[in-house]
Amino acid sequence: MNCLISLILGILVLAGTSYSQDDKYTSERETMVKQQIEYRGITNQPTLKAMTAVPRHKFVPSNLIDRAYDDSPLPIGYGQTISQPYIVAYMTAFINLKSGQKVLEIGTGSGYQAAVLSEIVKEVYTIEIITELNNSASKRLKDLGYKNVICKNADGYYGWKEFAPFDAIIVTAASEYIPPPLIKQLKDGGKMIIPVGSPFLNQTLILIEKEGEDITTTSLLPVRFVPFTRGN
Ligand code: SAH
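The rules behind each value
Residues numbered from 1 in each chain as written. Predicted model: local features only at pLDDT ≥ 70, side-chain atom pairs only at ≥ 80, totals over all residues. Heavy atoms only, no water. Buried < 20%, exposed > 50% of the residue type's maximum accessible area, 1.4 Å probe, protein only. Helix = DSSP H or I, 4+ residues; strand = E, 2+ residues; numbered from the N terminus. Pairing = 2+ DSSP bridges. 1 Å grid on protein atoms, 1.4 Å probe; cavity = no way out; pocket = protein on both sides within 12 Å on 5 of 7 lines; lining within 4 Å. Points joined across faces, edges and corners; volume = space filled by probe spheres on them. Nonpolar A, V, L, I, M, F, W, Y, C, P; charged D, E, K, R; others polar. Core = buried A, V, L, I, M, F, W, Y, C linked by side-chain atoms within 4.5 Å. Contact = heavy atoms within 4.5 Å.

### What about the pairing of strand S6 (residues 166–171)?
In step 1: Among the six residues of S6, six are classified as buried, and the element is accordingly described as predominantly covered.
In step 2: Strand direction decides the pairing type here: strand S3 (residues 102–106) and S6, joined by four bridges, are parallel. Across the sheet, the residue bridging to Leu 104 is Ile 169, located in S6.
In step 3: Bridging between S6 and strand S7 (residues 186–197) involves four bridges; their strand directions are parallel. Its bridge partner being in S7, Phe 166 is matched across the sheet by Leu 186.

Shown next as structure tokens:
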């Protein structure tokens, strides 16, 4: 009998130790997708799958790791933030991505949104204006094995002509107006999503759809993003 109790205790202890930190974050991530994203009406399957796959805790500063799956944006240094999970999912879902596509992101930040996009599409191009953030994000993405993300340190206002046109463009900093070069680099039939408005004040997430010469804009959601800044 004593032997049986020791055996059961032993199994319990083993089970306890094998529940690693990674399992903890996987479970927090599943809860995040269910409670913050699906519950608020996002049904786009590739987006839900990507948000379940990307280890968000590896994209936040180490002192904030326990808040990685909170329902909020978090500071990433240099006055910038990693967006709230719901906003990342919302923007990703709205541009309705398909697996073979090529996407441009402006505002790499931590690299999290780029990683989410790269789980869905073939190629992700991402531009960051702050050199230190570009360097840390590109190293992080490489270390995590995201081979289909190409990073560049530049002013994203001009887009990335060399790889244009893009099936979709996602801008993660708020601009007072839509940069014309980005509209130009959007494919015919392409979609762009961008927060437009004054820095730190009223901003609206705008969807832009390009059909030939026709550009349609739709206001989606009031948001608050860090400002789109300009290089010298
Ligand atoms: N997508 C990021 C969050 C971005 S915060 C993530 O998933 O973590 C917005 C980022 O846009 C900041 O890092 C900021 O430096 C960058 N940014 C602002 N203006 C820019 C510009 N003109 N070109 C490129 N990046 C810009």
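Still more ground to cover, so stick around.
### Some thoughts on the layout of surface pockets
In step 1: Taken as a whole, the largest pocket spans an internal volume of roughly 540 Å³.
In step 2: For the largest pocket, the lining is made up of 34 residues, of which Thr 81, Thr 172, Ala 173, Phe 225 and Val 226 are closest to its centre.
In step 3: Put simply, the parts of the chain that give the lining of the largest pocket at least two residues each are strand S2 (80–82), helix H4 (85–94), S3, helix H5 (112–118) and strand S4 (123–128).
In step 4: Looking at which element gives the most residues to the lining of the largest pocket, the answer is S2, with three residues.
In step 5: Here the lining of the largest pocket is built from residues that sort into 18 nonpolar, 12 polar and four charged.

### Structural notes on the nonpolar core
In step 1: The biggest cluster of nonpolar side chains holds 49 residues, and the ones touching the most others in it are Ile 42, Met 51, Phe 59, Leu 97, Tyr 112 and Leu 205.
In step 2: At seven residues, H4 tops the list of elements feeding residues into this core.
In step 3: Setting aside anything within four residues of it in sequence, one finds Ile 42 in contact with Ile 37, Leu 48, Tyr 86, Ala 89, Tyr 90 and Ala 93.
In step 4: Leu 104, Ile 194, Val 196 and Phe 228 belong to the second-largest nonpolar core, a separate cluster that totals 19 residues.

### Details of the side chain of Thr 108
In step 1: Along the chain, Thr 108 falls in the loop between S3 and H5.
In step 2: Judged by relative accessible area, which is 3%, Thr 108 ranks as buried.
In step 3: Apart from residues lying up to four places away in sequence, Thr 108 is in contact with Thr 126, Ile 127, Glu 128 and Ala 137.

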